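Chain residues, written in single-letter form:
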Amino acid sequence: MTTAPTAGPGTTEPAGRTPRRRAVVLLVGIALLALLTDLLTKHLALQLLDDRPPVRLLGGAVYLTLTRNSGAAWSIGADHTWVFPLITIGVVGWITWMALRLRSLPWAVSLGLVLGGALGNLTDRIFRAPGHFVGHVVDMVSLFDPYGQVWPVFNLADSCLVSGVLLAVLLELTGRQRDGRRIGARGDAAAPVTTGPADGPVPAETAPTDAEPRERA
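As the structure is a prediction and not an experimental result, all values here were calculated from the model.

## Examining the sheet that holds strand β1 (residues 55-57)
In step 1: Taken in spatial order, the three strands make up an open sheet running β1-β2-β3, and their pairing is antiparallel. Strands with a single pairing partner mark the edges of an open sheet, and in this sheet they are β1 and β3 (137-143). With strand direction ignored, the average angle separating the axes of adjacent strands in the sheet is 35°.

Now the structure itself:
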């Protein structure tokens, strides 16, 4: 009878805490990078685009135009600005809870993008005019039209949010779980069995075939 090898230093840690620590560090790092980059682009937009006509780029595929949005896309909910910070705080709490069992690096990227984008727009809601928790979000990118007639004017935080959600949908569709498992991948699947004539179920590879000689009665 053999016994399983005793877990020594470096055996249980990589399978447990280390993947979770790496995933959480990646999540936080991406969220901070997204947040800081979003704040920087908004600062530049306020400095360079205020009181000037839209800037045409890529032959009109992209325009840089400064807008301040009190609602969501297409100014949805503009009269209920206070609702969006509450939703964002709920999203941040949900991501924090998810991080407790996070061991998947792709999921860390997805959740980090969502967290960074949510915090970027939450910062505007809290600290920008006209007041705390009713601040207007700074947007500056418009596609195919200088005034958002084709697609809502957006910012980097919005891009991170959409990218993170799309990545999460892709991960769900491919069966990747947040704890690192993958649905449908069974490395320990049992060998198929077949029923023997007298001894009950036996492994398929050991079941007798017609080619084997049979003992005469």
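## Regarding the environment of D50
In step 1: With respect to the element layout, D50 can be found in the loop between α2 (17-48) and β1.
In step 2: Here the alpha-carbon distance between D50 and L66, two residues 16 residues apart in the chain, equals 6.4 Å.
In step 3: Not counting the four nearest positions on each side in its chain, D50 is found in contact with A45, L66 and R68.

## Regarding unusual backbone geometry
In step 1: Following A129, the chain continues to P130 via a peptide bond in cis, the omega torsion being 15°.
In step 2: The residue P130 is located in the loop between α4 (105-127) and β3 in this model.
In step 3: Of note in the backbone geometry, L58 takes a positive phi value of approximately 55° without being a glycine.
In step 4: Mapped onto the elements of the fold, L58 is located in the loop between β1 and β2 (62-69).
In step 5: For L58, a relative accessible area of 70% translates into the label exposed.
In step 6: Phi angles above zero are rare outside glycine, and F133 is one such case at about 70°.
In step 7: On the secondary structure map, F133 appears in the loop between α4 and β3.
In step 8: Residue classification places F133 among the partly exposed positions, given a relative accessible area of 37%.

## Quick word on the pairing of β2
In step 1: Here β1 pairs with β2 via three bridges, running antiparallel. The residue of β2 that forms the bridge with L57 is V62.
In step 2: Two successive antiparallel strands, β1 and β2, enclose a turn made up of four residues, where L58 displays a positive phi of approximately 55°.
In step 3: In terms of strand pairing, β2 meets β3 through six bridges, oriented antiparallel. The residue of β3 that forms the bridge with V62 is L143.

## Structural notes on the environment of T81
In step 1: Structurally, the position occupied by T81 is in the loop between β2 and α3 (83-98).
In step 2: Judged by relative accessible area, T81 falls into the buried class, the value being 7%.
In step 3: Sequence separation of T81 and N69 is twelve residues, and the distance between their C-alpha atoms is 9.4 Å.
In step 4: Contact partners of T81, with chain neighbours within four places excluded, come to S70, R125, F133, V134 and G135.

## Topic: the packing of α4 against helix α5 (residues 156-173)
In step 1: Interaxial distance between α4 and α5 falls to 7 Å at its minimum, and their mutual angle equals 150°. It follows that α4 is roughly antiparallel to α5 by the angle criterion. In the crossing of α4 with α5, the sense of the turn from one axis to the other is left-handed. Contacts between α4 and α5 pair P106, W107, V109, S110, L113, V114, G117, A118, G120 and N121 from the former with A157, D158, C160, L161, S163, G164, V165, L167, A168, L171 and E172 from the latter.
In step 2: A breakdown of the residues in the contact of α4 with α5 according to their chemical character gives 13 nonpolar, six polar and two charged.

## Here we look at the pattern of salt bridges
In step 1: Evaluated as defined, the whole model comprises six salt bridges.
In step 2: Across the pair R101 and D179 runs a salt bridge whose closest N-O atoms are separated by 3.8 Å. Highlighted residues: R101 in the loop between α3 and α4 and D179 in the loop between α5 and β4 (193-195), separated in sequence by 78 residues.
In step 3: For R101, a relative accessible area of 36% corresponds to the partly exposed category.
In step 4: A salt bridge links R181 to D179, with the nearest nitrogen and oxygen atoms 2.8 Å apart.
In step 5: When salt bridges that share partners are traced, they join D38, K42, D124 and R128 into one network.

Each value, and the rule that gives it
Residues numbered from 1 in each chain as written. Predicted model: local features only at pLDDT ≥ 70, side-chain atom pairs only at ≥ 80, totals over all residues. Heavy atoms only, no water. Pairing = 2+ DSSP bridges. Helix = DSSP H or I, 4+ residues; strand = E, 2+ residues; numbered from the N terminus. Axes fitted to C-alpha atoms, helices over the stretch in contact; angles between N-to-C directions. Contact = heavy atoms within 4.5 Å. Buried < 20%, exposed > 50% of the residue type's maximum accessible area, 1.4 Å probe, protein only. Parallel < 35°, antiparallel > 145°, perpendicular 65-115°, else oblique. Left-handed = near helix turned anticlockwise from the far one by under 90°. Nonpolar A, V, L, I, M, F, W, Y, C, P; charged D, E, K, R; others polar. Salt bridge = Lys/Arg side-chain N within 4 Å of Asp/Glu carboxyl O.

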